[in-house]
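Chain by chain, the residues run as shown.
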Amino acid sequence: MNEIMEIELLELKRQILIDYQLLKVSTQAMKFLLNHSSEIPCELHSDLHSLIAMDMGGEFVLPQKECMQSIDKLLTR
């Protein structure tokens, strides 16, 4: 993973930890996926899609802890 990707993921993680606003998290995750989709392993795209979908309604909202686990998975790749 390149340094820019890592910085963006850490910023997303900070957003989740400090100010867990679903729309902001969803928007940041979408920007990250759009910017780096070709560099992310396909099996990890679903984690980002889950974060992106959170703005679609209550049934798609993930607990904060689960969001953090998704970001951590991406960071360890």
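To start, this report covers the structure provided alongside it. The structure presented is a predicted model; accordingly, all values stated were derived computationally and were not measured. (Residues numbered from 1 in each chain as written. Predicted model: local features only at pLDDT ≥ 70, side-chain atom pairs only at ≥ 80, totals over all residues. Heavy atoms only, no water.)

## Focus on the pattern of salt bridges
A full pass over the atoms with the stated rule returns five salt bridges. Here Asp-47 ties to Lys-73 by a salt bridge, and the two come within 3.2 Å at their closest N and O atoms. Linking Asp-47 in helix 3 (residues 42-52) with Lys-73 in helix 4 (residues 64-75), this pair joins segments that are 26 residues apart in sequence. The exposure class of Asp-47 is buried, given its relative accessible area of 10%. (Salt bridge = Lys/Arg side-chain N within 4 Å of Asp/Glu carboxyl O. Helix = DSSP H or I, 4+ residues; strand = E, 2+ residues; numbered from the N terminus. Buried < 20%, exposed > 50% of the residue type's maximum accessible area, 1.4 Å probe, protein only.)

## Considerations on the packing of helix 2 (residues 22-36) against helix 3
Look at helix 2 against helix 3: their axes get within 7 Å of each other, and the N-to-C directions meet at 145°. At the point where helix 2 passes helix 3, the crossing takes the left-handed sense. Of the residues in helix 3, those touching helix 2 at Val-25, Ser-26, Ala-29, Met-30, Phe-32 and Leu-33 are His-45, Leu-48, His-49, Leu-51 and Ile-52. For the contact of helix 2 with helix 3, a count of residues per class yields eight nonpolar, three polar and no charged. (Axes fitted to C-alpha atoms, helices over the stretch in contact; angles between N-to-C directions. Left-handed = near helix turned anticlockwise from the far one by under 90°. Contact = heavy atoms within 4.5 Å. Nonpolar A, V, L, I, M, F, W, Y, C, P; charged D, E, K, R; others polar.)

## Topic: the nonpolar core
Counting residues in each nonpolar core, the largest one holds 19 residues, and the members touching the most others are Leu-12, Ile-16, Ile-40, Leu-48, Leu-51, Ile-71 and Leu-74. For this core, the secondary structure elements donating two or more residues are helix 1 (3-18), helix 2, helix 3 and helix 4. Residues contacting Ile-40, with those up to four places away along its chain left out, are Met-5, Phe-32, Leu-33, His-45, Leu-48 and Leu-74. (Core = buried A, V, L, I, M, F, W, Y, C linked by side-chain atoms within 4.5 Å.)

## With respect to the side chain of His-36
Here His-36 lies in helix 2. Apart from residues lying up to four places away in sequence, His-36 is in contact with Ile-4, Met-5 and Glu-8.

## Quick look at the packing of helix 1 against helix 2
Contact pair helix 1 / helix 2: the axes reach a minimum separation of 10 Å and the direction vectors enclose 170°. Between helix 1 and helix 2, the angle falls in the class roughly antiparallel. In this structure, helix 1 uses Ile-4, Met-5, Glu-8, Leu-9, Glu-11, Leu-12, Gln-15 and Ile-16 to contact helix 2, whose residues at the interface are Lys-24, Val-25, Gln-28, Ala-29, Phe-32, Asn-35 and His-36. Residues belonging to the contact of helix 1 with helix 2 are distributed by class as follows: eight nonpolar, four polar and three charged. (Parallel < 35°, antiparallel > 145°, perpendicular 65-115°, else oblique.)

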